[in-house]
Amino acid sequence: MRRPMRPRRPRGPRRRGPLPPPALDAARRELSRANRLLESGQALEAAEIFARVADRAAQHGIPVRASHLAARAAQAFLVSGEVDRAQAQVRRAVRLSLRAGQMALAARLAHRALAELEERGYSAEAAALREEFDAQLQRVGLSLAEGPVGPAQGATPRPELPAQCPACLGPVHPDEVEWVDRTSVKCAYCGSIIKAQ
Ligand SMILES: [Zn+2]
């Protein structure tokens, strides 16, 4: 007699379950520590924390948050002068948001990261990445050349948001956050609800 077939596990890295609330609190504490470190000039240590929390978010099936965290890690690596690691994190941020179907977010994160590379004098690195991202984005009908996608014409003006998330101290980019209602957004890095001022 044949044994019934067991359902196969999906291939690829094993995805763990959703993060339980204590793990989310721990992540918030780690992120606020990293943001403080970045502010006080310890960018490398901060970058490593951001990258680690990004890994965890990706493993637990929160790719959009992982993508924002990887972009944040890239910023901190760039500040610390680790341009190769910064580039790797930017690539990862773009890849994660594309895979999650967040095409416009991928374009925004790529755009901001390229501007930051250029600001710090890494023009050659920025040009190489630009070519790479343009090719990836063109496949999904977007282009970096058009610049970041702004709010829709005629959209209702949004209330002003605080510059920082009160829970994790991460920056709030109004174009990159998810609005949960007319006056509040979800922090892109830690998931806390941030109220407009
Ligand atoms: Zn936050």
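In case you missed it, the structure is sitting above this.
Note that the coordinates shown come from a computational prediction; the quantities given were computed from them, not determined experimentally.

**Points about the overall build of the protein chain**
Looking only at helices and strands, one finds 6 helices and 3 strands in the protein chain. Along the protein chain, helices and strands appear, N-terminal first, in the series α-α-α-α-α-α-β-β-β. Within the protein chain, buried positions represent 43% of all 197 residues. Across the protein chain, contacts joining residues at least 24 apart in sequence account for 56% of those joining residues at least 6 apart. Carbon and sulfur atoms form 51% of the exposed surface of the protein chain, whose accessible area is close to 11800 Å².

**Observations concerning the sheet that holds strand 1 (residues 178-181)**
Each strand in a sheet pairs with another by means of backbone hydrogen bonds, the pair being arranged parallel or else antiparallel. The 3 strands are arranged 1-2-3 in an open sheet whose pairing can be described as antiparallel. With one partner strand each, in any of the chains shown, strand 1 and strand 3 (193-195) form the two edges of the open sheet. The average angle at which neighbouring strand axes cross in this sheet is 40°, direction not considered. Here 3 bridges tie strand 2 (residues 184-186) to strand 3, and the two strands are oriented antiparallel to one another. By the bridge assignment, Ser-184 is partnered in strand 3 with Lys-195.

**Quick notes on the nonpolar core**
Counting residues in each nonpolar core, the largest one holds 52 residues, and the members touching the most others are Leu-31, Phe-50 and Phe-133. Elements with a contribution of two residues or more to this core: helix 1 (21-39), helix 2 (43-59), helix 3 (63-79), helix 4 (83-99), helix 5 (103-119) and helix 6 (123-138). Ranked by residues supplied to this core, first place goes to helix 2 with 9 residues. Residues contacting Phe-133, with those up to four places away along its chain left out, are Val-90, Arg-91, Val-94, Ala-110, Leu-114 and Leu-144.

What counts, and where the lines are drawn
- Residues numbered from 1 in each chain as written.
- Predicted model: local features only at pLDDT ≥ 70, side-chain atom pairs only at ≥ 80, totals over all residues.
- Heavy atoms only, no water.
- Helix = DSSP H or I, 4+ residues; strand = E, 2+ residues; numbered from the N terminus.
- Buried < 20%, exposed > 50% of the residue type's maximum accessible area, 1.4 Å probe, protein only.
- Contact = heavy atoms within 4.5 Å.
- Areas by Shrake-Rupley, 256 points an atom, 1.4 Å probe, with all protein chains shown as cover.
- Pairing = 2+ DSSP bridges.
- Axes fitted to C-alpha atoms, helices over the stretch in contact; angles between N-to-C directions.
- Core = buried A, V, L, I, M, F, W, Y, C linked by side-chain atoms within 4.5 Å.

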